[in-house]
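# Tertiary structure, described
Single-letter residue listing:
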Amino acid sequence: MSNEAIIEIRAGAGGDEAALFASDLYNMYKRYAINNGWGVEVIDFNQNDVGGYKSIVFELKGQGVFDKMKYESGVHRVQRVPKTEKSGRVHTSTATVAVLKKATEKDIQIRPDELEFNFSRAGGPGGQNVNKVESAVRITHKPSGIVVSCRQERNQQRNRDKAMELLRTKLLEIKMVEQTGNITEERRRQIGTGDRSEKIRTYNFPQDRITDHRIKKSWGNIDRIINGDLDKIFKKLSEEILS
């Protein structure tokens, strides 16, 4: 069972509420990881002014991480009344989740001339500078157009290493899908951005219900699930999808 995975969450439709939902999803997976004794390491993030994530990329390390998390890839939809909504109207927002099996240097060989590096100061929420040196790293893979970045560490080399791990991981998924013979240019773009066209799950707060549309199964007690109680969902998914 794979012990490492890289997760990429991006806010979709819904503006600030979508970014807050992306933050909720990250915290849900983080709590689940902690409860299972997994390690959690943020690689990069883009936060908005209200504390939500326009995007966040993080790594999970632990026993069977990828095998448990792999079914989370797709569009997650939330239906709830935002805190900023004065009229009490329910809004629908989305966020995309991409779960990637972490690649090693043995899995993917990248030539130095295929890469373009950019360095900048690592900015925190609201645009403040975390430090005064150019430790944040942005890498462009010229053949594929994939761009990755890492700003979490104060050390530039450490950020560069983490960004390279993320790049290899994205390229490995492309390679794996190509080997099945069914990749299209649209699918290639989806892999690169973490976007997914199919809605997999709805989090309906007014009705206190989470529904997974792939197996047509619903669960109540949404607050407990959002707080990391995912075992019953993961168990049902593995039973239904693998059967």
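For the structure itself, look to the data block above.
This is a predicted model, so every value here is computed, not measured.

What follows concerns the pattern of salt bridges. This structure, assessed with the given rule, holds 23 salt bridges. Measuring nitrogen to oxygen at the nearest pair gives 3.8 Å for the salt bridge that ties glutamate 59 to lysine 61. Looking at lysine 61, the relative accessible area reads 36%, which means it is partly exposed. Three or more residues joined by partner-sharing salt bridges are found here, namely Glu4, Glu41, Glu59, Lys61, Lys102, Arg158, Lys162 and Glu165.

The next thing to look at is the packing of aromatic side chains. As enumerated under the stated definition, the model contains seven aromatic pairs in all. Their ring planes at 80° and their centres at 5.1 Å tell us that tyrosine 32 and phenylalanine 234 sit as a pair that is edge-to-face. Within this pair, whereas tyrosine 32 is found in helix 1 (residues 15-35), its partner phenylalanine 234 is found in helix 6 (residues 231-242), the two being separated by 202 residues in sequence. Note on accessibility: tyrosine 32 and phenylalanine 234 belong to one class, buried. Between the aromatic rings of phenylalanine 45 and tyrosine 53, the centroid separation amounts to 6.0 Å while the plane-to-plane angle is 75°, which identifies the pairing as edge-to-face. By relative accessible area, phenylalanine 45 is classed as buried at 13%. Taken together through their ring pairs, the aromatic side chains of Tyr26, Phe45, Tyr53 and Phe58 make up a single cluster. Against the face of phenylalanine 205 rests arginine 80, its NZ or CZ located 5.3 Å from the ring centre. The lysine or arginine in question, arginine 160, covers the ring of phenylalanine 117, its NZ or CZ lying 4.0 Å from the ring centre.

The rules behind these values
- Residues numbered from 1 in each chain as written.
- Predicted model: local features only at pLDDT ≥ 70, side-chain atom pairs only at ≥ 80, totals over all residues.
- Heavy atoms only, no water.
- Salt bridge = Lys/Arg side-chain N within 4 Å of Asp/Glu carboxyl O.
- Buried < 20%, exposed > 50% of the residue type's maximum accessible area, 1.4 Å probe, protein only.
- Phe/Tyr/Trp six-rings, centres within 6.5 Å; stacked < 30°, edge-to-face > 60°.
- Helix = DSSP H or I, 4+ residues; strand = E, 2+ residues; numbered from the N terminus.
- Lys NZ or Arg CZ within 6 Å of the ring centre and 35° of its normal.

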